[in-house]
Amino acid sequence: MAQKSAAERKVEPKSVQRLKYSFSRILTGSDLSSRRLALMEAKSIHPGPMVWLTGCVHGDEVGGMVVIQEIFRRLRKRPLLKGSLSAFPLMNPIGFETASRHIGVSKEDLNRSFPGNLAGSVAERIAHKIFSSIVQTQPALVLDLHNDWIKSIPYALVDPNPGPKRQEVFQTVKRFAGQTGFLVIHERESDVKVEELKRTLTGSLLEQGVPALSLELGEAYVVNEMNVTRGVNAAWKILVELGMAAPAEETPPYQLPVEFGDKLLWYSHQPRSSSSGVIRFMAKPGDLVKQGQPIARIYNVFGKLQETLLAPRAAIVLGHADTSLALPGLPVMAFGIPEP
Ligand SMILES: [Zn+2]
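These figures come from a predicted structure and were not determined experimentally. (Residues numbered from 1 in each chain as written. Predicted model: local features only at pLDDT ≥ 70, side-chain atom pairs only at ≥ 80, totals over all residues. Heavy atoms only, no water.)

Secondary structure assignment for the protein yields nine helices and 17 strands. A compact globule built from 340 residues would reach a C-alpha radius of gyration of about 20 Å, and the protein, at 21 Å, matches this within 12%. Overall, the protein is about 70 × 50 × 50 Å in size when its C-alpha atoms are taken along their principal axes. The long-range share in the protein, meaning contacts at least 24 apart out of those at least 6 apart in sequence, stands at 72%. For the protein, the accessible area works out to roughly 16,500 Å², and carbon and sulfur atoms hold 54% of it. Measuring between centres, the 40 positive side-chain charges of the protein sit 4 Å from its 33 negative side-chain charges. (Helix = DSSP H or I, 4+ residues; strand = E, 2+ residues; numbered from the N terminus. Rg over C-alpha atoms; globule rule 2.2 N^0.38 Å. Contact = heavy atoms within 4.5 Å. Areas by Shrake-Rupley, 256 points an atom, 1.4 Å probe, with all protein chains shown as cover. Lys, Arg positive; Asp, Glu negative; His and termini not counted. Charge placed at Lys NZ, Arg CZ, Asp CG, Glu CD.)

Here it is, written out as structure tokens:
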């Protein structure tokens, strides 16, 4: 084994940072096995901001867990300069073990169960444990890691504006989102699901005045190594901005689509399909589409064209549906649409 240089010895992780991996109990299974929430903690000896990384709130979205593992692997070599980083890498172990978004038996979406309830449903009890653990640390930021459709590009997702009382925290979230280097996509306040979005982890943290945002890092189900690297780089950049980590070289560097890189983009599922049949996609994730450009065609079982879907505005394609099944009202594609 090669001798360590003096400089290397000086940054020995354990001397400047404490790493701790542990569990907290969430419930007891029918076979009396204990279901637990894994917790990873890195704490510098120098005081500073507190940041949380959270992954796998949807059990099939496995990429975030690996991003967190890679960040902590990097911390062993390059310890935090100050502050603390904590992570719940697997918030939904029940869903993960059945490769399912939801919590099996109760069919609940854990990410629509926040801030949770100690005496509530299965999901609400788990959500309560996660939410209260995070909030009591008064974090500077919570970064929730998700995966999207199989065919999708990475982006930072900002929750709807939480209203006049929370403008300061909302501006902070938008600043952090910009620092990820990804496209920043805003959920629309006018969206009919806005009440539902307040029950997400990030939405409920914002309501509480805690800065939080989501990263959507490509496909669910399978770990996409390229998107893991991109996710690690994005999270690391924020740690650098907070003075918690030294800059790291990005390989390969992520290139924003230039046309929309600096514009405010809204998330949109329009146009949805209005007919039934099989979808032939005509644009792919990352494509820039023009207003009126055909983006998908829907054919019936005999191959007769039912409908051609057109881009309602110039937009960037974030992803397309996981199946080519069309039914009236089903989403076909997701777009980032520039603000008029
Ligand atoms: Zn998700």
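What follows continues from the structure just given.
Taken together, the side chains of Ile150, Tyr221 and Val222 present a nonpolar region at the surface, about 290 Å² in accessible area. Here Tyr221 shows up in the loop between β9 (212-219) and α9 (225-241). (Patch = residues over 30% accessible without salt bridge, like charges linked within 9 Å, V, L, I, M, F, W, Y side chains within 5 Å. Salt bridge = Lys/Arg side-chain N within 4 Å of Asp/Glu carboxyl O.)

Attention shifts here to the sheet that holds strand β16 (residues 325-326). Here four strands make up an open sheet; going across it, the order is β14-β13-β11-β16 and the pairing antiparallel. Strands at the two margins of the open sheet, each flanked by one partner only, are β14 (305-310) and β16. (Pairing = 2+ DSSP bridges.)

So, about the domain arrangement of the protein. On domain assignment, one finds that the protein holds domain 1 (7-256) and domain 2 (262-338). Distance between the C-alpha centres of domain 1 and domain 2: 29 Å. Taken together, the contact pairs 14 residues of domain 1 with 20 residues of domain 2. Across the domain 1 to domain 2 interface the summed buried area is about 1,500 Å²; carbon plus sulfur atoms make up 68%. Ranking the residues of domain 1 by area buried against domain 2 places Trp149, His186 and Arg188 at the top, with a combined share of 40%. Here domain 1 is connected to domain 2 by zero salt bridges. Connecting domain 1 to domain 2 are five residue pairs in polar contact (both at pLDDT 80 or more). For the side of domain 1 that touches domain 2, the element with the highest residue contribution is strand β8 (residues 184-186), accounting for three residues. When grouped by side-chain class, the residues that make up the side of domain 1 that touches domain 2 number eight nonpolar, two polar and four charged. (Domains from an automatic or database assignment. Buried area = accessible area lost by both parts, 1.4 Å probe. Polar contact = N/O pair within 3.5 Å; in protein donor to acceptor, adjacent residues only side chain to side chain. Nonpolar A, V, L, I, M, F, W, Y, C, P; charged D, E, K, R; others polar.)

This paragraph deals with the coordination of the zinc ion. Only His58 (ND1), Glu61 (OE), Glu61 (OE) and His146 (ND1) from the protein coordinate the zinc ion, and they sit 2.1 to 2.4 Å from it. Along the chain, the residues donating to the zinc ion are arranged with the sequence spacing H-x2-E-x84-H. With a gap of 85 residues between them, Glu61 in the loop between β3 (50-55) and α3 (63-77) and His146 in strand β5 (residues 141-148) connect regions that are remote in the sequence. In this structure Glu61 comes out as buried when scored by relative accessible area, which is 4%. According to the relative accessible area criterion, His146 is buried, its value standing at 4%. (Donors = N, O, S within 2.8 Å, 3.2 Å for Na, K, Ca; no water. Buried < 20%, exposed > 50% of the residue type's maximum accessible area, 1.4 Å probe, protein only.)

Take the packing of aromatic side chains next. Within this structure, the stated rule accounts for three aromatic pairs. Note on Tyr21 and Phe72: the rings are 6.1 Å apart at their centroids and 70 degrees apart in plane angle, and the pair reads as edge-to-face. Linking Tyr21 in strand β1 (residues 17-28) with Phe72 in helix α3, this pair joins segments that are 51 residues apart in sequence. We classify Phe72 as buried; its relative accessible area is 0%. Plain terms: the ring middles of Trp52 and Phe88 are 4.9 Å apart, the flat faces sit at 35 degrees to each other, and that makes the pair tilted. Note that Trp52 is positioned in strand β3 and Phe88 in strand β4 (residues 84-88), a separation of 36 residues in sequence. Each member of the pair, Trp52 as well as Phe88, is classed as buried. For Arg36, the ring lying beneath its charged end belongs to Phe23, and the centroid distance is 3.6 Å. Sitting over the ring of Phe176, Arg175 keeps its end group 5.4 Å from the ring centre. (Phe/Tyr/Trp six-rings, centres within 6.5 Å; stacked < 30°, edge-to-face > 60°. Lys NZ or Arg CZ within 6 Å of the ring centre and 35° of its normal.)

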